[in-house]
Amino acid sequence: LPGAGTCYQQAKRVLHAAVPDRLHARERETGVIRQFLREHVCGRRPGSLYVSGAPGTGKTACLSRVLLDCKDELAGSKTIVLNCMSLGSPQGVFPAVAQQLGLPAAAGREGVRRLEKLLTAQGPMVLLVLDELDQLESKEQDVLYTLFEWPWLPGSRLVLVGLANALDLTDRSLARLGARPAGSPRLLHFPPYSREQLTGILQERLRQVAGDPVLDDAALQFCARKVSAVSGDARKALDVCRRAVEVVELEVRSQSLLKPLPGGE
């Protein structure tokens, strides 16, 4: 089977959870994020956006896509992207941001005070993207509260974008912010993908592989139906299909190895 190996390799490659050029079924959400960044970062208006949705619903992928697409527009500002999973504790977010802004390390309240001073001084806009924001929940919620309050300080140049799995994080943690009319972050929710949307995502990925389809439509629909019933998680659907391709590849390989020798029975 000449070239068969490469078609399976290609299929596995396109089924990886990388950021595609176009995010299927997320046009609205991508548009909202793009508009928010233009309005606030490019328009020099501090503000905050809270993005919620279950794992695998495209939050990080959408934001990454918009940051890539708007690279030139955002060139005049400073962009910091942090995954809060990598921090040792909720308080660890402050030294991590300070380091990105070139501030000398300072612990505790002093560190937070210096950061605050820097973010309310003259300078370019700072876009701070915090992925896995749920990790910053603490007993008093002081970390989240401090971060979401920064854009509203006089002279602030911070635009904050937080991504989290919890839909109600703002209700639980940031209720105090809601008391101020302007203080609440803008909310954007990513619903789970439907069966049709998951089928579309899988078809779009596999269309990039030349030749006959490696997995037929019925298999993709079956996978999409199962995953949408449980979670609507696109990463799971890509994962299941990638494993299916590996199984097919192994079967084809073993068949070609077991071919009878010429002249044999």
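What you see is a predicted model, and the numbers here were worked out from it, not measured in a lab. (Residues numbered from 1 in each chain as written. Predicted model: local features only at pLDDT ≥ 70, side-chain atom pairs only at ≥ 80, totals over all residues. Heavy atoms only, no water.)

Broken down by element type, the protein carries eleven helices and five strands. Taking 18 Å as the expected radius of gyration for a compact globule of 265 residues, we find that the protein reaches 23 Å, considerably beyond that expectation. Projecting the C-alpha coordinates of the protein onto the three principal axes gives extents of approximately 85 × 35 × 35 Å. Scored against the burial criterion, the 265 residues of the protein give a buried share of 44%. Of all intrachain contacts in the protein linking residues separated by at least 6 positions in sequence, the fraction that spans at least 24 positions is 81%. A total of about 14,200 Å² of accessible surface is found on the protein, and carbon and sulfur atoms cover 54% of it. Side-chain charges in the protein split into 34 positive and 29 negative, and the spacing between the mean points of these groups amounts to 5 Å. (Helix = DSSP H or I, 4+ residues; strand = E, 2+ residues; numbered from the N terminus. Rg over C-alpha atoms; globule rule 2.2 N^0.38 Å. Buried < 20%, exposed > 50% of the residue type's maximum accessible area, 1.4 Å probe, protein only. Contact = heavy atoms within 4.5 Å. Areas by Shrake-Rupley, 256 points an atom, 1.4 Å probe, with all protein chains shown as cover. Lys, Arg positive; Asp, Glu negative; His and termini not counted. Charge placed at Lys NZ, Arg CZ, Asp CG, Glu CD.)

Below, the discussion takes up the pattern of salt bridges. This model, assessed by the stated rule, comprises 16 salt bridges. The salt bridge involving Glu27 is made with Arg22; its shortest N-O contact spans 2.7 Å. Look at Arg22 and you get partly exposed, because its relative accessible area is 43%. Asp69 is the salt-bridge partner of Arg65, the closest N and O atoms lying 3.1 Å from each other. Pair noted here: Arg65 and Asp69 are both in helix H3 (residues 59-69), with a separation of four residues, about one helical turn. Arg65 sits in the buried class, given a relative accessible area of 13%. When salt bridges with common partners are traced through the structure, they connect Asp21, Arg34, Arg65 and Asp69 into a single cluster. (Salt bridge = Lys/Arg side-chain N within 4 Å of Asp/Glu carboxyl O.)

This part covers the domain arrangement of the protein. Looking at the assigned domains, one finds that the protein contains domain 1 (3-15 + 193-257) and domain 2 (27-189). Summarising the inter-unit geometry, the C-alpha centres of domain 1 and domain 2 are found 36 Å apart. Taken together, the contact between domain 1 and domain 2 spans five residues of the former and four residues of the latter. Where domain 1 abuts domain 2, roughly 330 Å² becomes buried across the two surfaces, and 44% of that area is made up of carbon and sulfur atoms. Considering only the surface of domain 1 that becomes buried against domain 2, Tyr193, Asp233 and Arg235 emerge as the three largest contributors, covering 79% of it. Run the count over domain 1 and domain 2 and you get zero salt bridges. Remark: the boundary between domain 1 and domain 2 carries two residue pairs in polar contact (both at pLDDT 80 or more). Looking at the side of domain 1 that touches domain 2 residue by residue, the classes come out as two nonpolar, one polar and two charged. (Domains from an automatic or database assignment. Buried area = accessible area lost by both parts, 1.4 Å probe. Polar contact = N/O pair within 3.5 Å; in protein donor to acceptor, adjacent residues only side chain to side chain. Nonpolar A, V, L, I, M, F, W, Y, C, P; charged D, E, K, R; others polar.)

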